[in-house]
Amino acid sequence: MPLVWQWNHNPDNSLWSVKERKGFLRLKTGRIDSSFVQARNTLTQRTFGPESTGTILVEVSKMKEGDFAGLSLLQKEYGLIGVKAEKNAKRIVMIEALKDIPIEIESIPLTQNKVYFKAECNFKDKADEGQFFYSLDGKKWISIGKKIKLPYTLPHFMGYRFGLFNYATKNAGGFVDFDYFHIEDQISKNN
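(A) Representation of the pattern of salt bridges within the structure. For the coordinates displayed, the defined rule picks out 15 salt bridges. For Asp 33, the salt bridge goes to Arg 31, with nearest N and O atoms at 3.0 Å. For Asp 33, a relative accessible area of 8% corresponds to the buried category. Between Lys 146 and Glu 96 there is a salt bridge, with the nearest N and O atoms lying 3.0 Å from each other. With Lys 146 in strand β12 (residues 142–149) and Glu 96 in strand β8 (residues 89–98), this pair connects stretches of sequence that are 50 residues apart. Residue Lys 146 is classed as partly exposed on the basis of its relative accessible area, which comes to 40%. Among the charged side chains, a salt-bridge network with shared partners connects Glu 20, Arg 21, Arg 26, Lys 28, Glu 59 and Asp 177.

Structure representation (structure tokens):
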């Protein structure tokens, strides 16, 4: 992996691969975690200002009951968008965590196995805001949840990081495949 990538914890190298499915990052679950910040194999890359956007395409057909995978803006107070597999169904979920308490802000049903996610960061003029979007076709982007504050603190990293994550809350052994991560130095103009 290029040096711009960093794991959030010491990784379990048996639970990720860029070779099992050529051209994809596969993140597998190997243990049960009760929260996103405990999840071990979250792959991160620094955000930058004044604006930056991270976009992914993730395939979720091999998730197991209780799995949660997607894209985060990671720091002590974080936000994320992802797919939760629960009750034999999948949902797109946006979460904001303040004071170590994750709160589900919005959730919608997902009926397909590929989904696009986007996280935008606006640090211009100290706005320090993040916003999440999803797309079912990679063309039409839909805002989900609300804008979140991205306060500058130092307990996890210096500044915020985009994060690709997958973790299990009930059953280990599922996996997701990330097709790509694209990064840009601007955000959409419709905010």
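(B) Here's a closer look at the layout of surface pockets. One number sums up the size of the largest pocket: a volume of about 160 Å³. Around the largest pocket sit 13 residues that line it, and Met 1, Trp 5, Val 18, Leu 25 and Phe 178 are the ones nearest its centre. The element best represented in the lining of the largest pocket is strand β14 (residues 175–184), accounting for four residues. The class makeup of the residues in the lining of the largest pocket is eleven nonpolar, one polar and one charged.

Scoring rules and cut-offs
Residues numbered from 1 in each chain as written. Predicted model: local features only at pLDDT ≥ 70, side-chain atom pairs only at ≥ 80, totals over all residues. Heavy atoms only, no water. Salt bridge = Lys/Arg side-chain N within 4 Å of Asp/Glu carboxyl O. Buried < 20%, exposed > 50% of the residue type's maximum accessible area, 1.4 Å probe, protein only. Helix = DSSP H or I, 4+ residues; strand = E, 2+ residues; numbered from the N terminus. 1 Å grid on protein atoms, 1.4 Å probe; cavity = no way out; pocket = protein on both sides within 12 Å on 5 of 7 lines; lining within 4 Å. Points joined across faces, edges and corners; volume = space filled by probe spheres on them. Nonpolar A, V, L, I, M, F, W, Y, C, P; charged D, E, K, R; others polar.

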